[in-house]
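These are the residues of each chain, in order.
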Amino acid sequence: MAVPGRGWMLVAGFILSLQGVGAQKVQVDLELEAFPKEHVDLRCQFIDGGGKTKLTQVSWIWEPVDGQRDNIAVFHPVYGQSFPNLSFKDRVIFLNNSLNFPSIRISNLRMSDAGRYTCEYATYPSGNEQGTTTLIMLAEPRNSANALTVQTGTKPVVVAQCEAADGKPAASIKWLASVGGEHSTSTTNGPDGTVTVRSQYRLVPTPSDDGREITCMVEQRTQDRPWVRVLKLSVEYPPSAAIEGFDHNWYVGRSDAALVCLVNANPPPTTITWTSASGPLPDTVVVDGNRLLVRKVDDAVNTTFFCEVKNKHGTDRQQITTFVIEAPEAPSSTGVVVGAIVGSLLALVLVVALVVVLLTQARRQQRRGFPAGGDGNVAGSGGSNGTDYSNKARLLFGSAGSKKNGNGANNNGPMYTYWESSENSGTLTEKGNDFHHHLHHPAPANAHDILLSGEDVERRKFGLDDSMEDEERYDRFGGEAGNAVPSSFHVHRGDEEEMYLDDDMESQRDGSVISRTAIYV
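Residues numbered from 1 in each chain as written. Predicted model: local features only at pLDDT ≥ 70, side-chain atom pairs only at ≥ 80, totals over all residues. Heavy atoms only, no water.

A.B. asks: Let's hear about the side chain of T303: which residues, and what values?
C.D. replies: With respect to the helices, strands and loops of the structure, T303 is situated in the loop between β25 (291–294) and β26 (304–311). Not counting residues within four places of it along the chain, the set of residues in contact with T303 comprises S276, A277, S278, I320, T321 and T322. (Helix = DSSP H or I, 4+ residues; strand = E, 2+ residues; numbered from the N terminus. Contact = heavy atoms within 4.5 Å.)

Below is the structure:
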């Protein structure tokens, strides 16, 4: 039995081979597997069921190929052991000095030791009895893989190759790749029965394929697991350049301006050269590799710059035109102070103007309006029982549909006073249009009288007071001094003196007219 150096050995199985006539049998292993530089035990045993067979001699015969038989070991009970084949000299021994158990051991195995081994007995009276064991030599391949450096082109080329050398049995090779391409495989048989397998991966290389990964995987019977190697493709191509760094803000005096020449090339560029369209580079610029540093921007850098890059596969040249602008003016502190003062004055003027407007509007409203609180006793004097009318009264005139002389409102009709009180809310009372009577026959003042004839009421309504001069009153009402009559208040004298409000009237849904200016007393 073979004992591999790595501690394991594949054995097809130990199967008894019974050969001979009748009860005579030769017992051997049908198949064994072994590795080079290790050893293997070839077992053999003669079984005589009746005990009547006489064993004369035993021999081990090696058949490397069909038709070739070489005697490698002989045992005779009288003459002893013999090893006639020089290729097995000092590598073959008998494990037992016995005809019944003539097992042998072959050490320092070689790939060429593979073949059929026959244990053959010379017996009497049945003749020769034999059993054959097939020895299979296994070899773990030497695996390798590498990427080839190629140039960009238009035809498929080999970019990677993978090899499983001197293996037995032959290995299988697979490729795992994200790039487009195809592979081919070839095999070569060695003189000792080993097989070398080679596989090549081909594609049309482009600059984008440079650095991409491709994987070779080798599977073979002697390996516990597949052998895997990851490769990075190497594709060389001429350089391509681009210039960056100009931000369109190169003003006179700027000191942090720079241009950068970005290069894409494999292999890296051997030279990077900066030039300008105006001739030699300006004294204010410094070249630092692929960078063009401007120590101070002036009119000399208002030109076109060129960047030229080279590697062994080609050259590329790019250009950029820079424009120099005037330096921005720095704001002075005096201007800032003046601006702050002017802003403060404008804000102050706006505040004062706002206050004046608010005061003026408040004063006008105070002149035009009535006092917030009237004399409750005045309103109450018109009632018979002193009812509190909450200082409110509203004057209502007759229906707008009534006519006098075919035009205008009928001011001779009844007048109505609308009282709002806590006890008699919403009471509407009729009072005759006796304005003239009241003028000649004064009666105790009541709310109605105050509404119709009170001079103070007129003054309050139209914003007049005693302190106003005659001319001012005239200007205010558009009449002569002393006889001022507001444009919205007309007094007509006829059969009776009557008074009505035209511009101050408001028509109601029921046909009546109500003064827009509610008079509160």
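A.B. asks: Describe the packing of aromatic side chains, and please don't skip the residues or the numbers.
C.D. replies: Tallied over the full model, the rule gives eight aromatic pairs. Of note, R317 hangs over the ring of F306, and the distance from its end group to the ring centre comes to 4.2 Å. (Phe/Tyr/Trp six-rings, centres within 6.5 Å; stacked < 30°, edge-to-face > 60°. Lys NZ or Arg CZ within 6 Å of the ring centre and 35° of its normal.)

A.B. asks: Could you give me a rundown of the state of the cysteines, with the residues and numbers involved?
C.D. replies: In the structure shown here, the tally under the stated rule is three disulfides. Paired by a disulfide, C162 and C216 hold their sulfur atoms 1.7 Å apart. Measuring the twist about the S-S bond at about -75 degrees, one finds the C162-C216 disulfide to be left-handed. In this pair, C162 sits in strand β14 (residues 157–167) while C216 sits in strand β18 (residues 213–219), placing the two residues 54 residues apart along the sequence. Look at C216 and you get buried, because its relative accessible area is 0%. Here C261 pairs with C307 through a disulfide, and the sulfurs are 1.9 Å apart. Handedness here is read from the sign of the S-S torsion; for C261 and C307, about -90 degrees, the answer is left-handed. Of the two residues, C261 is situated in strand β22 (residues 257–266) and C307 in strand β26; the sequence distance between them amounts to 46 residues. C307 shares its class with C261; the two are buried. Counting only the cysteines that take part in disulfides, in the order they occur along the protein, gives the pairing 1-2, 3-4, 5-6. (Disulfide = S-S within 2.5 Å. Buried < 20%, exposed > 50% of the residue type's maximum accessible area, 1.4 Å probe, protein only.)

A.B. asks: Just give me the short version of the environment of A160, but keep the residues and values in it.
C.D. replies: In this structure, A160 sits in strand β14. Distance from A160 to T149, taken between C-alpha atoms, is 8.7 Å for residues eleven residues apart in sequence. When sequence neighbours within four positions are dropped, the list of residues in contact with A160 reads N146, A147, L148, W175, S199, Q200, Y201, I214 and L231.

A.B. asks: Just give me the short version of the sheet that holds strand β9 (residues 104–106), but keep the residues and values in it.
C.D. replies: Strand order in the open sheet made by the three strands is β3-β9-β8, with antiparallel pairing throughout. On the outer flanks of this sheet lie β3 (40–42) and β8 (92–94), each paired with one strand and no other. Adjacent strand axes in the sheet meet at a mean angle of 25 degrees, parallel and antiparallel pairs treated alike. Pairing of β3 with β9, which is carried by three bridges, proceeds in the antiparallel orientation. When the sheet's bridge partners are listed, L42 is paired in β9 with I104. (Pairing = 2+ DSSP bridges. Axes fitted to C-alpha atoms, helices over the stretch in contact; angles between N-to-C directions.)

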